[in-house]
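Working through the structure, step by step
Here is what each chain is made of, one letter per residue.
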Amino acid sequence: MNIIKVFGQLLFVSIIILLFSSCNKGFKGNDYSAYFGGEIINPTHRYVLFCKDSEVLDTIALQKNNTFFIKFDSLASGLYTFRYDPEFQYVYFDKNDSLMVRINPKDFDESIVFCGRGDQKNNFLMEMYLKNETDKNKMLPIFDYEIDKFSATIDSSYKLDEQFYLTKKKKIKWNEAFDAYARALIDFHYYSKKEIYPKIHKLQTGEDNFDKLPKNYYDYRKNIDFNNVKLTTFSPFVVYLTNLLNNLAEIKDHNHYNAIDKALNSNINKLNIADTLLKNERVKNAVFNTIAFNYLLEDQNMVNDQAFLETYRKYSTDKSAKNEILKIGHAIQLLKPGNKLPEVKLIDLNGQIVSSNSLLKKKTVIFFYTENAETNLASAHKKAIAFKLRHPDYQFIAINLDANQTKWKELLSKYKFGDIQEYRCNNFENLRAKWAITKINRTIILNKNEIINNAFANLFETNFEDFLK
């Protein structure tokens, strides 16, 4: 790296820290101002989103030198997120904290380092997050162990993490509000291992050892506050609760269902269990939404989707216009066979906006891809080319879901996809709202004049060609 560039980056960091330090001297008891800034190395777009519980509070533009900075006149203490799409990470603010972060999008999580007032707490969160991710990547072999060896292994790892946590807590002297998140990083990672062990063990070894679990194996559940509002959207808690519900639903499920109906009954069962387990309305709605989105992401069966959404609507009290599940449910209703496909705007390779209606005057297959799944991209196009040779009366349209026109064109330049028509999504939120796009393998099949034959097909299904006859 150029020495002048290094000096410039260090100078920027020094100025920001100095600014933070000088600002901190004037804080008063009723002053809740705070500062957040940083630098994006090799940026892919020109803004950072600052969020609370998935709601965007501020859009912070990058300056010409790829730095960003914002002063909050009043920022309540608590856990926030910053997004540099498609990635996000947590940041915790105590009263009057002043934080800077340096990010490299190519290595997002591993590149994040905080400095300024409040940096030690946040660097602890990052360190524990990365430790947990590393542990996840090494975990699969231990699920083959018999229960005694498995428990001894994860208990030993938990004790080491707990000792690290206690050492940092004593050194940094953080408050109880922050400790709820620090402790959750340790505990829920450990609890998730215990929840998924019986199922993963059976998948990997073929042995169903549920009856061999000690009677006190799940005793830790008794000590969990499932209605802690602070943890509603905190990833370790959400992941654990998802694992818990998967576990309970699997235990109560029956084996005589086919795969599609089993998924439906299992997820309805999750809604029933969550309604019984959770009392806080906000937590309950957040969990319902997570279950629903995950189910709709995996299942694309029109009848089952409607059956599931009926149960979801019965339990959820979140009737707001912002409710993504209700939007998806509405979109699914509009996508019944025989309906006309709703219009969306697309972008062609020349950067021109075109209406989907103008493209769909003959039999059509629409499929989707992203640069983040390049293997899928190539496989889907290969499938489409083969199908088109056998079904020349159909046109095949590929829609890229990414936001960068230049990168999209560069991506396509690496391939030769022949007669496949290429477009890019102009507005993903609008596309998702109108076409219920929740997963990349979604394929839409149309008869002539934009009439839906099957809006929830999959290009990789063995019976896909049956819908083209």
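The rules behind each value
Residues numbered from 1 in each chain as written. Predicted model: local features only at pLDDT ≥ 70, side-chain atom pairs only at ≥ 80, totals over all residues. Heavy atoms only, no water. Phe/Tyr/Trp six-rings, centres within 6.5 Å; stacked < 30°, edge-to-face > 60°. Helix = DSSP H or I, 4+ residues; strand = E, 2+ residues; numbered from the N terminus. Buried < 20%, exposed > 50% of the residue type's maximum accessible area, 1.4 Å probe, protein only. 1 Å grid on protein atoms, 1.4 Å probe; cavity = no way out; pocket = protein on both sides within 12 Å on 5 of 7 lines; lining within 4 Å. Points joined across faces, edges and corners; volume = space filled by probe spheres on them. Nonpolar A, V, L, I, M, F, W, Y, C, P; charged D, E, K, R; others polar. Pairing = 2+ DSSP bridges. Right-handed = clockwise from strand over helix to strand, strands pointing away. Core = buried A, V, L, I, M, F, W, Y, C linked by side-chain atoms within 4.5 Å. Contact = heavy atoms within 4.5 Å. Expected span 1.5 Å × (residues − 1). Bend = angle between axes of the 7 residues up to and from the residue. Polar contact = N/O pair within 3.5 Å; in protein donor to acceptor, adjacent residues only side chain to side chain. Salt bridge = Lys/Arg side-chain N within 4 Å of Asp/Glu carboxyl O.

Let us now look at the packing of aromatic side chains. According to the stated counting rule, one finds 38 aromatic pairs in the structure shown. When the centroid spacing of 5.7 Å and the interplanar angle of 45 degrees are considered together, the rings of Phe36 and Phe82 count as tilted. Here Phe36 is found in strand 1 (residues 34-40), whereas its partner Phe82 is found in strand 5 (residues 78-84), with 46 residues between them in sequence. Here the two residues Phe36 and Phe82 agree in accessibility, since each one is buried. When the ring of Phe82 is compared with that of Phe108, the centres are 6.4 Å apart and the planes differ by 45 degrees; the resulting orientation is tilted. Here the residue Phe82 occupies a position in strand 5, and Phe108 occupies one in helix 2 (residues 108-111), the gap between them amounting to 26 residues. Phe82 sits in the buried class, given a relative accessible area of 0%.

We now examine empty space enclosed by the protein. Tallied over the entire structure, the rule returns 2 cavities of 30 Å³ or more. A volume near 70 Å³ is recorded for the largest cavity. Along its surface, the largest cavity is lined by Thr232, Phe237, Val238, Leu241, Thr242, Leu245, Ala286, Val287, Thr290 and Ile291. Elements with a minimum of two residues in the lining of the largest cavity: helix 6 (235-252) and helix 8 (281-298). A class-by-class count of the residues in the lining of the largest cavity yields 7 nonpolar, 3 polar and no charged. Taken as a whole, the second largest cavity encloses approximately 40 Å³ of empty space.

Here we come to the pairing of strand 12 (residues 395-400). Remark: a regular strand shows side chains that alternate across the two faces of the sheet. Burial within strand 12 is extensive, with 6 of its 6 residues counted as buried. Of the two faces of strand 12, the one holding Gln395, Ile397 and Ile399 and the one holding Phe396, Ala398 and Asn400 are both buried throughout. In this structure, strand 11 (residues 364-369) lies alongside strand 12, joined through 6 bridges in parallel fashion. In the strand pairing of strand 12, Tyr369 is matched with Asn400. In this region the chain leaves strand 11, passes through helix 11 (residues 374-390) and returns to the parallel neighbour strand 12; the handedness of that crossover is right-handed. Pairing of strand 12 with strand 13 (residues 421-425) involves 4 bridges; the strand directions are parallel. Across the sheet, Ile397 pairs through a bridge with Gln421, a residue of strand 13. Handedness of the crossover is the feature at issue here: the chain leaves strand 12, passes through helix 12 (residues 405-413), returns alongside strand 13, and the resulting connection is right-handed.

Grouped burial of nonpolar side chains is what soluble globular proteins tend to show. Within the largest apolar cluster, 86 residues are counted, with the highest numbers of intra-cluster contacts made by Phe124, Phe308, Leu341, Ile366, Phe368, Ile399 and Trp435. If one sorts the elements of this core by residue count, helix 5 (residues 176-205) sits on top with 10 residues. In contact with Phe308, other than residues within four places in its own chain, are Leu264, Asn267, Ile268, Leu271, Ile291, Ala292 and Tyr295. Formed by 23 residues, the second largest nonpolar core is a distinct cluster that contains Phe36, Phe50, Phe72 and Ile112.

Here helix 5 is 30 residues long and its end C-alpha atoms lie 42 Å apart, about the 44 Å a rise of 1.5 Å per residue gives. Along its length, helix 5 reaches its greatest deviation from straightness, about 50 degrees, at Tyr197, and the proline Pro198 lies no more than four positions downstream. Here helix 5 starts with a cap whose side-chain oxygen sits 3.3 Å from the backbone nitrogen of Ala177, and that cap is Asn175. Backbone geometry just downstream of helix 5 places Gly206 in the positive-phi region, at approximately 85 degrees.

This part takes up the pattern of salt bridges. Per the counting criterion, the structure on display carries 27 salt bridges. Residues Arg282 and Asp53 are paired through a salt bridge, measuring 2.5 Å at the closest nitrogen-oxygen approach. Residue Arg282 is found in helix 8, and its partner Asp53 is found in the loop between strand 2 (47-52) and strand 3 (55-61); the two are separated by 229 residues along the sequence. For Arg282, a relative accessible area of 44% corresponds to the partly exposed category. Asp53 sits in the partly exposed class, given a relative accessible area of 34%.

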